[in-house]
Amino acid sequence: MIPRLRPPFGLLDLATALASADVCSVSLFERRFAERFGFTDAVYFPYGRSGVHALLLALGMKSRSVLNPSYGCIVVPHAVLLSGNRVHFVDSTAEHFLPSAREWAGALMRETAVAVITPLFGYPVERAGIEAAIRECAPECFVLYDVAQGFDAFDERGSQLPGGHAALFSFGIGKMLSTLYGGMLTLRDARLAAGVRAMRDLYSPATRLHKFELLTYGIAVWAAFRQPMFAIADLLERRTNWLGRFTTEYYATDIPRLPRDFQVAPTPLQAALGLRQLARYETIATERARLGAIYEQRLRAGGVRTFAHAHRPTWSIYPLAVRQRERAVELLGQEGVQVGTLVNYACADLPGYEPWAGRCPYSSLWGASTINLPNWPGLGARAVEHIADRLLRLRDRHPDVFAWPGAQAAR
Ligand SMILES: *Cc1c(COP(=O)(O)O)cnc(C)c1O
């Protein structure tokens, strides 16, 4: 069984992090991270969403409009809503999960205070067009790049991160780097960074019990992705919805809420774990992109339509749209390939956002039709080629299951 994802740390990393963690780990992690991604400051948070919440408070925003892609991670709108601000959604297009510059131009308004731009899975956004739309429709708005999932995205001008006043990264399980839970907000303005840091410094310190829970969680996650433990975790997920409950808890798809520990300071152990992986970041990112490119090449050569991109994505995850998602997951599972669909990415249709339900039809389409193929480092090119070949064979046998879903969206 090939798991969909694997955490980028091992038991040795956990043990070393535990041994090397000290009071300086958090500030060192922040400094190194800011440097690596070209920002002047970085503030480490217990979750990425905590960073969004703290940012809006530090900006002094109340009852303001925050524009978010509907196809994305629901925890960002939750953080916006629970900071006392209003969420507006921008839809995907008929061709792509990313909103195009036209969608942005149509959704931006004078009163848009913040635009959250999300190069999801490392697919570049139409930066020049979006920036032009912002200049025209909402020149004062604060631009936050949500790269929680992709960590970077590139176009002909290089990294897209310089397009934002700030950027959000997440270190949950399944992200490019993982510190069990955690997130980083990187900033350019020193005064704002000081304000954000002051918010974070108000968080309650982690208790011993909390630290112990984090460590056991780390060991459990590591164990769950080992064979044959993975088979057990997989069984639990499919037969008992045990992991399903975990993801509902984590992603809060039932009601807008934040985790009860979203304002508990991240620990030095987590920062030390982050530092270890940051040193390997180039290797991790290169390998994910390389494996993604193999899917891209094989699937396109085999006549499968894939998501278009103007520049090669970083492919933190490899997304593929299929017409009958549940059936596709089942068929791939029978071939020993676990693909992900766990997160409902059509935010506008989720509880808590009822006025938006059905108003972002293309994000609903992609939210219901996208699967993620495994491309974690360590999987290897051979395994990826093998998965692509199996997928192509399944497509030959079940052409309507694996067809591109776009044609239906027109109606
Ligand atoms: C995971 C993720 C987040 C949230 O990060 P947390 O650390 O879970 O709060 C935000 N945006 C995107 C696109 C994500 O994938």
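Everything below is about the structure printed above this text.
Only a predicted model underlies this, so the values are computations on that prediction, with no experimental measurement involved.

Parameters at a glance
Residues numbered from 1 in each chain as written. Predicted model: local features only at pLDDT ≥ 70, side-chain atom pairs only at ≥ 80, totals over all residues. Heavy atoms only, no water. Helix = DSSP H or I, 4+ residues; strand = E, 2+ residues; numbered from the N terminus. Rg over C-alpha atoms; globule rule 2.2 N^0.38 Å. Buried < 20%, exposed > 50% of the residue type's maximum accessible area, 1.4 Å probe, protein only. Contact = heavy atoms within 4.5 Å. Arc of directions from axis to C-beta. 1 Å grid on protein atoms, 1.4 Å probe; cavity = no way out; pocket = protein on both sides within 12 Å on 5 of 7 lines; lining within 4 Å. Points joined across faces, edges and corners; volume = space filled by probe spheres on them. Nonpolar A, V, L, I, M, F, W, Y, C, P; charged D, E, K, R; others polar. Axes fitted to C-alpha atoms, helices over the stretch in contact; angles between N-to-C directions. Parallel < 35°, antiparallel > 145°, perpendicular 65-115°, else oblique. Left-handed = near helix turned anticlockwise from the far one by under 90°. Pairing = 2+ DSSP bridges.

Chemist: I would appreciate a short explanation of the overall build of the chain in the present structure.
Modeler: Secondary structure assignment for the chain yields 16 helices and 11 strands. For the chain, whose C-alpha radius of gyration is 20 Å, the value lies close to the compact-globule estimate of 22 Å for 411 residues. Its C-alpha atoms put the chain at 60 × 50 × 40 Å along the principal axes. When burial is assessed residue by residue, the chain has 59% of its 411 residues classed as buried.

Chemist: Please clarify how unusual backbone geometry should be interpreted in this entry.
Modeler: If a residue is not glycine, its phi is most likely negative; likewise, a peptide bond is most likely trans. Positive phi, normally seen in glycine, also occurs at Ser-63, with a value near 55°. Here Ser-63 is to be found in the loop between helix 3 (48-58) and strand 2 (65-69). By relative accessible area, Ser-63 is classed as partly exposed at 45%. Phi at Phe-121 is positive, roughly 60°, even though this residue is not glycine.

Chemist: I'm lost on the environment of Ala-403 in this one. Help?
Modeler: Take Ala-403: it is sitting in the loop between helix 15 (381-397) and helix 16 (406-409). The spacing of Ala-403 and Leu-120 is 283 residues in sequence and 22 Å in space, taken between C-alpha atoms. What Ala-403 contacts, discounting residues up to four positions off in sequence, is Ala-321, Val-322 and Arg-323.

Chemist: Please explain helix 6 (residues 127-137) as it appears in this structure.
Modeler: What sets the pattern is the α-helix's 3.6 residues per turn: residues three or four places apart point alike. Among all positions in helix 6, only Arg-127, Ile-130, Glu-131, Ala-133, Ile-134 and Cys-137 are buried. Along the long axis of helix 6, the arc covered by the buried residues comes to 160°, so they all point the same way. Of the exposed residues in helix 6, the ones pointing more than 90 degrees away from its buried face are Arg-135 and Glu-136. Looking at the buried residues of helix 6, the elements they touch are helix 5 (101-107), strand 4 (112-117), strand 5 (142-146), strand 6 (154-155) and strand 7 (158-159).

Chemist: Hey, could you run me through empty space enclosed by the protein in this one?
Modeler: By rolling a water-sized probe across the atoms, one finds the places where empty space is left. Applying the stated rule across the entire model yields 3 cavities of 30 Å³ or more. As a volume, the largest cavity reaches approximately 210 Å³. Forming the walls of the largest cavity are 20 residues, and the residues nearest its centre are Cys-73, Val-75, Val-76, Ala-148 and Lys-175. Elements represented by at least two residues in the lining of the largest cavity include exactly helix 3, strand 2, helix 4 (75-82), strand 8 (166-170) and helix 10 (242-251). Split by residue class, the lining of the largest cavity holds 11 nonpolar, 6 polar and 3 charged. Size it by volume and the second largest cavity reaches roughly 70 Å³. Every residue lining the second largest cavity is listed: Arg-4, Leu-5, Gly-174, Arg-288, Ser-316, Ile-317, Asn-372, Leu-373, Pro-374 and Asn-375. Among the residues making up the lining of the second largest cavity, the classes are represented as 4 nonpolar, 4 polar and 2 charged.

Chemist: So what exactly am I meant to see when it comes to the packing of helix 3 against helix 7 (residues 190-201) here?
Modeler: To characterise two packed helices, one gives the angle between the axes of the helices and the distance between these axes. Closest axis-to-axis distance for the helix 3/helix 7 pair is 9 Å, and the angle between their directions is 120°. Looking at the two axes, helix 3 sits oblique to helix 7. For helix 3 against helix 7, the interelement crossing comes out right-handed. Residue-level contacts link Ala-54, Leu-55, Leu-57 and Ala-58 of helix 3 to Leu-192, Gly-195, Val-196 and Met-199 of helix 7. Its residues placed into classes, the contact of helix 3 with helix 7 shows 7 nonpolar, 1 polar and no charged.

Chemist: Help me out: how do you make sense of the sheet that holds strand 4 in this one?
Modeler: Two strands in a sheet stick together by hydrogen bonds in their backbones, pointing the same way (parallel) or opposite ways (antiparallel). Taken together, 7 strands build an open sheet; the order of strands is 1-9-8-5-4-2-3 and the sheet is mixed. Edge positions in the sheet fall to strand 1 (41-45) and strand 3 (86-90), since each of these pairs with one other strand and no more. For this sheet the average axis-to-axis angle between neighbouring strands, irrespective of direction, equals 25°. One ladder, built from 5 bridges, connects strand 8 with strand 9 (residues 183-187); its direction is antiparallel. From the neighbouring strand, Ala-166 faces strand 9, where its bridge partner is Leu-187. Relative to strand 1, helix 7 is tilted by about 15°, and along the sheet it contacts strand 1, strand 5 and strand 9.

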